[in-house]
Amino acid sequence: MDALKPLSTIGILGGGQLGRMLALAASNLGFRVHIYAPEADSPAYDVTRFFTCAAYDDQTALAEFAATCDVITFEFENIPLSTIEFLETLAPVHPNSAALRVAQDRLNEKNFAQQHGLNVGAFAAISHPSDFAPALQAIGAPAVLKTVRMGYDGKGQQIIRSADDAPAAWAHLGNVACIYEQFINFEAEVSIIAARGHNGSVAIYDLVENIHEHHILARSIVPTHYGAELHAQAAGYATRVLEQLNYVGVLAIEFFVVRTADDTLNLYFNEMAPRVHNSAHWTQLATHTCQFEQHIRAVAGWPLGATTRFAPVELRNILGDDIENFATDAAAPNAKLVLYGKSDVKAGRKMGHVVMVK
């Protein structure tokens, strides 16, 4: 693919904060942006004059949208696969539908990771109550029951502490297809953010340690205290995934850090996100090329930017009513405040973030 020229139009499916920040990055590179989202109050609409508010299954609206775009991308992985497959017949779409097919189905995701040599905890498919007995026998408890599709920030999952918990947990999740996962005794969760261009070039950001509160990412810290060896392990896995999927754009993979009895550190695959990621918002302050610009560069066929980190940083998410402290956050020295323009404040909802040089 030839590099898109400035004033070309990049279509973005999804109008949340990630779509908003992608649109701003694209604008800074001289591109026009067309947002497509079903929500009338999407915050990404505020930063571009071209937007379509329509359902993801409205093929007439999708075709009209695609006709205006030189390339199309998306901000999150819960867009219907059929939408991406339809758009691929009309315009270039990156990442591709193959990546989305893997990432939006937890069974596909775990099988893919296992097939390509990543460490994966034991898991089993649950589609009927009778599936629990063999799963419990093979994997045991405690374990985690997760819906195969959808679910984020702790939603769509239940802890199974004994066989007696299984029926109620499955009913709580709606009696839908689930995955029963081994409970991994880990000492930290980390993520690696990587990008791949049309020419196969790969750029990787520093490994990030993530700290959750109430199942929601609260803080991300860079660098981790684990050193170069673990970063190299994560980077190798990410490169393998990017290449196997013929991926174009930014990809995030979350891992559990497991320390064995002989003090060896191993990474166990948790999940991947075929998009820019909350744990890499720190790149807006502390790198040559933030993840949003990197993604736009990749899908537009431009050279990937440098990922060199300038300083140790910490990311803190602004959740719910914490947005009321915006003036204090804005006054913090050596910090960058980013607010998402959301009008509806809810407990636990991501309203913005602060990146602080440590």
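S.K.: Before we move on, could you go through the sheet that holds strand S4 (residues 71–74) and cite the residues and values that matter?
M.R.: Backbone hydrogen bonds hold the strands of a sheet together, and the pairing may be parallel or antiparallel. If you walk across this open sheet you meet the four strands as S3-S2-S1-S4, and the pairing is parallel. Among the strands making up the open sheet, the edge pair consists of strand S3 (50–53) and S4. Here the strands of the sheet are splayed against their neighbours by 20° on average, with no regard to which way each runs. Relative to S4, strand S1 (residues 9–13) runs parallel, the two sharing four bridges. In the strand pairing of S4, Gly11 is matched with Ile72.

S.K.: Any chance you could break down the pattern of salt bridges for me, citing the residues and the numbers?
M.R.: All told, the structure shown has 13 salt bridges when counted by the stated rule. Across the pair Asp105 and Arg149 runs a salt bridge, and its minimum N-O distance is 3.8 Å. With Asp105 in the loop between helix H4 (97–103) and helix H5 (106–115) and Arg149 in the loop between strand S6 (143–147) and strand S7 (157–160), the pair connects residues that are 44 residues apart, well separated along the chain. The partner of Lys110 in a salt bridge is Glu181, with the nearest N and O atoms 3.0 Å apart. Here the residue Lys110 occupies a position in helix H5, and Glu181 occupies one in strand S8 (residues 178–182), the gap between them amounting to 71 residues. The pair Lys110 / Glu181 is uniform in exposure class, with both members buried. Here the salt bridges share partners, and the residues they tie into one network are Lys110, Lys146 and Glu181.

S.K.: With reference to specific residues and values, describe helix H6 (residues 132–139).
M.R.: Every buried residue of H6 is accounted for by Phe132, Ala135, Leu136 and Ile139. Angularly, the buried residues of H6 cover 95° about the axis, an arc narrow enough to put them on a single face. Opposite the buried face of H6, at more than 90 degrees from it, the exposed residues are Ala133, Gln137 and Ala138. Packed against the buried residues of H6 are strand S5 (123–126), S6, helix H7 (166–172) and S8.

S.K.: Can you break down the pairing of strand S17 (residues 350–357) residue by residue, with the values?
M.R.: Along S17, six of the eight residues are buried, which leaves the element largely enclosed by surrounding structure. Sheet topology places strand S16 (residues 335–339) next to S17; five bridges connect them, and they run antiparallel. Of the residues in S17, the one forming a bridge with Lys336 is Val355.

S.K.: Tell me about the pairing of strand S15 (residues 313–319), residues and numbers included.
M.R.: Along S15, six of the seven residues are buried, which leaves the element largely enclosed by surrounding structure. For strand S12 (residues 216–222) and S15, the ladder comprises four bridges, and the chain directions are antiparallel. From the neighbouring strand, Ile221 faces S15, where its bridge partner is Glu314. Relative to S17, S15 runs antiparallel, the two being bridged by seven bridges. Looking at S17, one finds that Val313 is bridged to Val357.

S.K.: Which residues make up the layout of surface pockets, and what values do they have?
M.R.: Taken as a whole, the second largest pocket spans an internal volume of roughly 240 Å³. Leu24, Ala25, Asn28, Gln284 and Cys290 are, among the 16 residues lining the second largest pocket, the residues nearest its centre. At the level of secondary structure, the elements contributing two or more residues to the lining of the second largest pocket comprise helix H1 (17–28), helix H9 (283–286), helix H10 (291–299) and S16. Examining the composition of the lining of the second largest pocket, we find that five residues originate from one element, H1, more than from any other. Split into classes, the residues belonging to the lining of the second largest pocket amount to eight nonpolar, five polar and three charged.

S.K.: So, the sheet that holds S5: which residues are in play, and what are the values?
M.R.: If you walk across this open sheet you meet the four strands as S5-S8-S6-S7, and the pairing is antiparallel. Of all the strands in the sheet, just S5 and S7 have a single pairing partner and so form its edges. Pairwise comparison of adjacent strand axes, ignoring direction, gives a mean angle of 25° for this sheet. Across the sheet, H5 touches S5, S6 and S8, and the angle it forms with S5 is around 155°. Packing of H6 onto the sheet brings it into contact with S5, S6 and S8, and relative to S8 it is tilted by some 20°.

Cut-off values and rules
- Residues numbered from 1 in each chain as written.
- Predicted model: local features only at pLDDT ≥ 70, side-chain atom pairs only at ≥ 80, totals over all residues.
- Heavy atoms only, no water.
- Pairing = 2+ DSSP bridges.
- Helix = DSSP H or I, 4+ residues; strand = E, 2+ residues; numbered from the N terminus.
- Axes fitted to C-alpha atoms, helices over the stretch in contact; angles between N-to-C directions.
- Salt bridge = Lys/Arg side-chain N within 4 Å of Asp/Glu carboxyl O.
- Buried < 20%, exposed > 50% of the residue type's maximum accessible area, 1.4 Å probe, protein only.
- Arc of directions from axis to C-beta.
- Contact = heavy atoms within 4.5 Å.
- 1 Å grid on protein atoms, 1.4 Å probe; cavity = no way out; pocket = protein on both sides within 12 Å on 5 of 7 lines; lining within 4 Å.
- Points joined across faces, edges and corners; volume = space filled by probe spheres on them.
- Nonpolar A, V, L, I, M, F, W, Y, C, P; charged D, E, K, R; others polar.

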